[in-house]
Each structure stands twice: as C-alpha cells, then as structure tokens.
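Spelled out, the chains give:
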Amino acid sequence: MDFELNEEQRAFAETAGQFAAEQLAPMAAEWDEQQFFPKDVLRQAGELGFLSLYVPEQEGGLGLSRLDASIIFEQLAMGCTSTTAYMTIHNMVSWMIASFATDEAKAMYCPKLLTGEWLGSYCLTEANAGSDAASLSTRAVLQGDHYQISGAKAFISGAGDTDVLVVMARTSDEPGARGISAFIVPANAEGISYGRKEPKMGWNSQPTRAVTFENVEVPVSHRLGAEGEGFKFAMKGLDGGRINIATCSVGTAEQALQEARQYIAERQQFGQSLAKFQSVQFKLADMATELVAARQLVRYAASKLDRQDPDATAYCAMAKRFATDVGFRICDQALQLFGGYGYIKEYPVERHFRDVRVHQILEGANEIMRLIISRRLIQNEAALL
C-alpha cells in the first residue's frame, strides 16, 4: 500500500508543522513546568480546524479521514505531546456529539466545540472500571423528560477546566456494555464537583481530575443515540482514540530522534563527535527503523478504520500497542544518548520521555491491546495475516 502523502496531505502536514513550531514548541516546557492549560492556543488550533478534524462537513467540521488526522496529529505532537493529546480527546468529544446527538443538541454544542470556544472532556473511566470499562457503575435514572446522573469518574483529561462533558452511565440493570448510555452534560451543571488536579509524571499542560455527579439533571435530548448504545459509541471512539495516541507517540519519538541526532553530531568525547562511534550509529539506526515501522502501521490501521474493515479494531489495537511501546523506547534511547544532560530539564528529551509513558496505559492498556489482537486471531486465523 502506498503511503506517500498526496498534495492535500502535504499541505495539512505543513500547516500543522508550522503551528507546532510557532505556537506549541516554544511554550511546551513552560506549560509543563507551570502545569498550565493553554486555552488560548487551543482556540487558535480550533480556528485552523484542528479541533474538528473528522467531524462531518455537514456538521461544520473538516470531514477529514482518520489517516489525514493522523498525519496532522503527528506534526502537532512534535511541538507538544501533552497539548496535542488533549486535542485528540477534544476531537473525540466533538465527533461523538456531531455524529450521534439529536439535532437540538448538535445546534447547541457543535458550533462552540468545533471552534474551541468550548472545550470538551470524555468521561468513561472510573476508579473500579479502567481496562474493564463495561463494569462502570455511574447511573442515569430516567425521570420524565430528564435523567438524573449519579456516580464518579476518574482520570478525566481537562476536567475542571472544560465546558462540556460526554459521560457514559448505566441506564439499565443489563450486565456489561448493554446497559450503558452516553450523555452530553454541561461541565458546570448543578451537582457536579471536581477533585484536585492530579500531580502527574507527564501530560502537565492538561489538567486531570476526578469528577463526581450527584443527581445531575440532563434532558433526554442530551442523550447520544438510544438507551444502551453508549458503549458501542465509546468503542467506536476508542478505535480512533487508539490511532490518535499511537500517532502522538510517533510524533514525539520523531522529535526526540531529531534532537538526539543533532546532539550526537555536536557532542565531543574522546576527541571526536559521538556520531563517529559505531555503537551510537547502530542505536540511531534502530531508533529510525522502529519509528518508520510504527508510523506505517499506524497509517495502515487508520486506513482500515476509514474503510470500516471488519478487522479495523484489531489493527487499531496493533498500532496502539506497537507505536506506544516503540515511542517510549525511542524517547528512552534518545535520553540515553544525551547522557547526564538527558536527565536535566534544560533539554526537552526528559519531557518527551515523561509524556509518552502514559500512552502505553490509556485508551486501553497495551495488555488489553494484546487481548483484542489475540481474540481476533483465535476467532479467524486468516483475518490478520
């Protein structure tokens, strides 16, 4: 399959790369240090369409493919991993509302979400429902023309600083995924409270908090689709989310590799640059090879998702598992090439290392990715080969 970028994709990549270089990279270290959520820059991203990449055009988005979005997110992640990762989450929120909400709710939320005037958070994970997301216990009880939502969510990106929440809640006693529905909830609705901003290893330019719901009233018109369809929508979103987070790993690894390459060319030891040592050359070669392999697998999986192939979910899991593992390994090796300087915050490689580590956990831990892939193989051994 030919993954050479066409003219339009090259234009997307150039625009995203310029935005990353001018608006993200110069501030990334400061945002990380100060744990600052750059809302103004996110709104600038919204003006360029980066917050509505695959929202259908008829709903006001760019209507791009997942492959196109991956090309854009890779460039953005080279500027700031954490901020780009939040953009991918916001895109998922915008896409879910634009795709599954009532016309009334679309008219209320889409215009401001797509421009970044409002920012969104995705509320699925709970303290006791992480990898086993279908065991969530937050409930939504129908009472006339509205639902009352009660429960608690954990590790919610942007929570406390965003405007709109997409919340997964149980609407029936049916076991597992069948009883879960999805709702649009204003982030300032009465009965919502937020926990402390979690002190994290990385992803510091976006806040992470727990969210508690106590009898929060939500109109029936704010439900996405029919009752019981929420988990299906969540899984559709997660396939794309896995491509997105894999892409962020590729972009960050590419940036770390470029910085390491420049450093070893300049750093002198034993009378010559580090680039002259064969052991360093071999390490760089392995990093570059794995980076290209990860990028190609991510783009292949994205194309599968665009075509709605029956094996797309498994390929998204493969891409997520491989690219996030490779991305972390490349950042780790880049830090090693910097030696002691790699451990100092003056150099961005230590931030890359911290930011990509969580990618192996979120959007489904990589152990869960292996389960998804292996189950598909067991069901149909020819499906992935």
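Keep in mind the model is a prediction, meaning the values are calculated, not measured.

This next bit is on the overall build of the chain. A count of helices and strands for the chain gives 10 helices and 10 strands. Its C-alpha atoms give the chain a radius of gyration of 21 Å, near enough to 21 Å, the size a compact globule of 385 residues would have. Across its three principal axes, the chain shows a C-alpha extent of roughly 80 × 50 × 40 Å. Residues classed as buried in the chain amount to 55% of the 385 residues present. The contacts in the chain between residues at least 6 apart in sequence include a share of 73% that link residues at least 24 apart. Entry remark: accessible area of the chain is about 16700 Å², with carbon and sulfur atoms responsible for 50%. Side chains of the chain carry 36 positive and 48 negative charges; the gap between the two charge centres is 5 Å.

Both strand S2 (residues 139–143) and strand S3 (residues 146–157) contribute to a ladder of 5 bridges, which runs antiparallel. From the neighbouring strand, Arg139 faces S3, where its bridge partner is Ser150.

Further remarks concern helix H9 (residues 349–357). Within H9, 7 of the 9 residues are buried, leaving the element largely enclosed by the surrounding structure. Restricting attention to buried positions, one finds in H9 the residues Val349, Glu350, Arg351, His352, Arg354, Asp355 and Val356. Packing partners of the buried residues in H9 comprise helix H1 (7–34), helix H4 (81–100), helix H6 (230–266) and helix H8 (312–337).

What follows concerns the packing of aromatic side chains. With the rule as written, the count across this model stands at 13 aromatic pairs. Considering the side-chain rings of Tyr147 and Phe183, the 4.8 Å spacing of their centres and the 65 degrees angle between planes classify their relative orientation as edge-to-face. Of this pair, Tyr147 sits in strand S3 while Phe183 sits in strand S5 (residues 180–186), and the two are 36 residues apart along the sequence. As far as the burial class goes, Tyr147 and Phe183 line up, both buried. Taken together, Tyr263, Phe338, Tyr341 and Tyr347 form an aromatic cluster joined through their ring pairs. Above the plane of the ring of Tyr54 lies Arg66, whose end atom (NZ or CZ) is 3.7 Å from the centre. Directly above the aromatic system of Tyr315 lies the positively charged group of Lys304, at a separation of 4.6 Å from the ring centroid.

The next point concerns the pairing of strand S7 (residues 208–219). By the bridge criterion, 9 bridges tie S3 to S7 in an arrangement that is antiparallel. Across the sheet, Ile156 pairs through a bridge with Arg209, a residue of S7.

Before going further, it helps to spend a moment on empty space enclosed by the protein. Per the stated rule, a full pass over the model turns up 1 cavity of 30 Å³ or more. In terms of lining, the largest cavity is formed by Gln35, Lys197, Glu198, Lys200, Asn204, Gln206 and Pro207. For the lining of the largest cavity, the per-class residue count stands at 1 nonpolar, 3 polar and 3 charged.

Let's shift gears to the nonpolar core. Considering soluble globular proteins, one finds that nonpolar side chains tend to be buried as a cluster. Ranked by internal contacts, the top residues of the largest apolar core, which has 62 residues, are Met87, Met96, Ile97, Tyr122 and Met168. Counting only elements with at least two residues in this core, the list comes to H1, helix H2 (39–47), helix H3 (66–77), H4, helix H5 (103–115), strand S4 (164–170), S5 and H6. Broken down by element, the residue count for this core peaks at 11 residues, all from H4. Counting residues in each nonpolar core, the second largest holds 38 residues, with Leu257, Met287, Cys331 and Leu335 among its members.

Reading the values: rules and limits
Residues numbered from 1 in each chain as written. Predicted model: local features only at pLDDT ≥ 70, side-chain atom pairs only at ≥ 80, totals over all residues. Heavy atoms only, no water. Helix = DSSP H or I, 4+ residues; strand = E, 2+ residues; numbered from the N terminus. Rg over C-alpha atoms; globule rule 2.2 N^0.38 Å. Buried < 20%, exposed > 50% of the residue type's maximum accessible area, 1.4 Å probe, protein only. Contact = heavy atoms within 4.5 Å. Areas by Shrake-Rupley, 256 points an atom, 1.4 Å probe, with all protein chains shown as cover. Lys, Arg positive; Asp, Glu negative; His and termini not counted. Charge placed at Lys NZ, Arg CZ, Asp CG, Glu CD. Pairing = 2+ DSSP bridges. Phe/Tyr/Trp six-rings, centres within 6.5 Å; stacked < 30°, edge-to-face > 60°. Lys NZ or Arg CZ within 6 Å of the ring centre and 35° of its normal. 1 Å grid on protein atoms, 1.4 Å probe; cavity = no way out; pocket = protein on both sides within 12 Å on 5 of 7 lines; lining within 4 Å. Points joined across faces, edges and corners; volume = space filled by probe spheres on them. Nonpolar A, V, L, I, M, F, W, Y, C, P; charged D, E, K, R; others polar. Core = buried A, V, L, I, M, F, W, Y, C linked by side-chain atoms within 4.5 Å.

Structural measurements only, silent on function.
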